[in-house]
Structures are given as C-alpha cells and as structure tokens.
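# Chains, contacts and geometry: an overview
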Amino acid sequence: MIYNKKLHEDVVNDLVFIQESENHYTLVTASNDEEMQVHKLTHSSGKLEDARVAMIKDQANALAFCPTDSGIIAYAGNQAMVKIVDIGEKALENSKEQEVKNHKRVKTSVSFLRASASIEGNKHPVNCLKWVNNSEIVSGGYDHAIRIFNVEKEELSSSIFTNNKTVTAIDSIKDKVLVGCEDHAIRLWDLRSRSTDPVKTFKAHNGWVSSVRVNPNSDYHFISSAYDSRTLVWDFR
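This text gives an overview of the structure that appears in the document. (Residues numbered from 1 in each chain as written. Predicted model: local features only at pLDDT ≥ 70, side-chain atom pairs only at ≥ 80, totals over all residues. Heavy atoms only, no water.)

## What about the packing of aromatic side chains?
What counts is decided by this rule: Whether two aromatic rings pair depends on their centres lying within 6.5 Å, for rings of Phe, Tyr and Trp, where Trp uses its six-membered ring; planes under 30 degrees apart make the pair stacked, over 60 edge-to-face, and the rest tilted. Comment: elements are numbered from the N terminus, with helices defined as DSSP H or I runs of at least four residues and strands as E runs of at least two. Per-residue accessibility, obtained with a 1.4 Å probe over protein chains only, is compared with the maximum for each type, and a residue is labelled buried under 20%, exposed over 50%, and partly exposed between these values.
Per the counting criterion, the structure on display carries seven aromatic pairs. Relative to Trp234, the ring of Phe202 lies with its centre 5.5 Å away and its plane at 65°, an arrangement referred to as edge-to-face. Taken together, the residues Phe202 in strand 18 (residues 200-203) and Trp234 in strand 21 (residues 231-235) connect sequence positions 32 residues apart. The buried category is assigned to Phe202, whose relative accessible area is 8%. Ring-pair connections join several aromatic residues into one group, and the members of that group are Phe202, Tyr220, Phe222, Trp234 and Phe236.

## Things to note about the sheet that holds strand 12 (residues 136-141)
Stated precisely, the cut-off is as follows: Only strands that DSSP links by at least two bridges are regarded as paired with each other. Fitted lines through C-alpha atoms give the axes, limited to the stretch in contact for helices. The angle between two N-to-C directions lies from 0 to 180 degrees.
If you walk across this open sheet you meet the four strands as 11-12-13-14, and the pairing is antiparallel. Each having just a single partner strand, strand 11 (126-131) and strand 14 (155-161) make up the two edges of the open sheet. With direction set aside, neighbouring strand axes in the sheet form an average angle of 20°.

## Things to note about a nonpolar patch on the surface
To keep it simple, the criterion reads: A patch is a set of surface residues, each over 30% in relative accessible area and not in a salt bridge, joined within 9 Å for like charges and within 5 Å for the nonpolar side chains Val, Leu, Ile, Met, Phe, Trp and Tyr. Per-residue and other accessible areas were derived by the Shrake-Rupley procedure at a 1.4 Å probe size, with only the shown protein chains allowed to occlude residues. By definition here, a salt bridge exists when the distance from a side-chain nitrogen of Lys or Arg to a carboxyl oxygen of Asp or Glu is within 4 Å.
Among the surface-exposed residues, Tyr142, Trp208 and Tyr227 lie close enough to one another that they form a single nonpolar patch of about 370 Å² accessible area. One can find Tyr227 in the loop between strand 20 (221-226) and strand 21.

## Side note on the environment of Val85
Applied cut-off: Should any heavy atoms of two residues lie within 4.5 Å, those residues are considered in contact.
Considering the arrangement of structural elements, one finds Val85 in strand 7 (residues 82-86). Taking C-alpha positions, Val85 is 33 Å from Ser45, a pair spaced 40 residues apart along the chain. Beyond its immediate stretch of four places on either side in the chain, Val85 contacts Ile56, Gly71, Ile72, Ile73, Tyr75, Leu113, Arg114, Ala115 and Ser116.

## Some details on the nonpolar core
We apply this condition: Buried Ala, Val, Leu, Ile, Met, Phe, Trp, Tyr and Cys residues that are joined via side-chain atoms within 4.5 Å together make up what is termed a nonpolar core.
Ranked by size, the top nonpolar core spans 17 residues in total, and within it Val28, Met36, Leu63, Tyr75, Val85, Ile87 and Leu113 carry the most contacts. Of all elements in the fold, only strand 1 (12-19), strand 2 (24-31), strand 3 (36-44), strand 4 (47-56) and strand 6 (69-76) reach the threshold of two or more residues within this core. Looking at this core, the element that brings in the most residues is strand 4, giving three residues. Beyond its immediate sequence surroundings of up to four residues, Val28 is in contact with Asp14, Leu15, Val16, Gln37, Val38, Leu63, Ile73 and Ile87. Counting 16 residues, the second largest nonpolar core, distinct from the first, contains Ile72, Ala76, Val82 and Phe149.

## Quick look at unusual backbone geometry
Positive phi outside glycine occurs at Glu154, with the angle close to 55°. Within the secondary structure, Glu154 sits in the loop between strand 13 (145-150) and strand 14. For Asn164, which is not a glycine, the phi torsion comes out positive at approximately 65°. By the secondary structure assignment, Asn164 is in the loop between strand 14 and strand 15 (167-173).

## Some thoughts on the sheet that holds strand 16 (residues 176-181)
With antiparallel pairing, the four strands of this open sheet are ordered in space as 15-16-17-18. The sheet terminates laterally at strand 15 and strand 18, the two strands that pair on one side only. Each adjacent strand pair in this sheet contributes to an overall mean axis angle of 20°, direction not counted. Alignment of strand 15 against strand 16, held across six bridges, turns out to be antiparallel. Bridge pairing in strand 16 links Ile173 to Lys176.

Below, the structure written as structure tokens:
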C-alpha cells in the first residue's frame, strides 16, 4: 500500500483515478459529506506525494470523466441532476478562493469549483454514471431507467426503462451499455436501437449487482461483483 489517507467525514461513494503522465495522477472523490475533492498525486522514488487542489461543495453518488478530456468530469447524486464541472489547470487557477491577509486579498492553494452545467432528466437519486463518448452520458438509479444525456445540448435525449428494476451499476462498450440491477441480473443494451429489450441478460449473482467493469483490452469480457460476496468474469461472445 502506497496511499492511505482519510479524505472525508462520511461514506465515500465513488472515485475516479486519472493518469495524466507517467508519474502524475488526478484523484477525484465523492462523499455523502456533500464534498468532492480533487487531488494531484505524484509518484516518485517509491513515494506518493499528495496535494489537494480543489473542492466542490456538493453531494454525489457517482462520478465519470470525459473520455476525450480528462479535465472535465460529470457527477450525479441524490439531487438527481447530472452536473458537469471543469477540473482542468486553467479552471483550478481561476477558481482559487481569495482570502484577506494583512489587509491584502491573496489566493489560497485550494480552488473551489462549481458545476458549469446541470442537466435534468432523472426522477430519483442516481446510483451510477458513465461518460460513453464525447457527447453522451448515461445514468442509472432509483427511477428504474437508463437515461441518455446529450452533453453538448445539455438535455435528456432518451430513456430506456428497466421494467421496475433499480439500476445499481453501469459501464459501456462501444455503443452498448452493461447494466447491473437489484434483481441480481446484468443486462446488455444497444444504445443505437433505443429498444426496451436488452440484447443479452446475464444471470449468476445472488444479490444486488454492485459493479460492472468492461475489460478495456477486450470487446467481449467484463467483470462483475455483487452483494453475494462474489466477483465474476464474463465472456459474452
């Protein structure tokens, strides 16, 4: 273990870990303490140096980063809106909070960021989020639907209803999304067809599906975990 640090005062709901260069990373965490944190990590000589560079005062259950610009992230939570925030270097510098010291206003080392866009469309709290391509984000939650959002137009473009099943996990592969649900099943939907019927259904878990992750090096493999204490590897050819 090279990193062990308490960042929040409540449950950490999600995080994204982005490699910026060979030894430089960005870590974003979301918590029920209504605070998201952005950290810059540097790995050198077997040590990991950590600097908190930004905070976002908002509650989030799920995070996702833009696949073409790691400086842009999306988040969603109990407010049911999908929000977009810029965590790039320019945004960090421009958003550093100013405080008065010796009668002079100076910048602090931590930026306080706000969402640049809030997109409505979910009816209930969001559990999971995935930025599928440059212009589309998909979400899932307690409103029993997969919501597809157009980021450029900042609007809900379509919905796929899951027949009264809460969406608990989501990931994407090309134009398809893998969705884990409370009924212990994982389903594969084709976003191009917008059909209410999944392409495939995978059943083996005996509890709520907590996570699904596609193998980035394969178009046919994914891994899943659930509240049955099991982790499964799938081949859906």
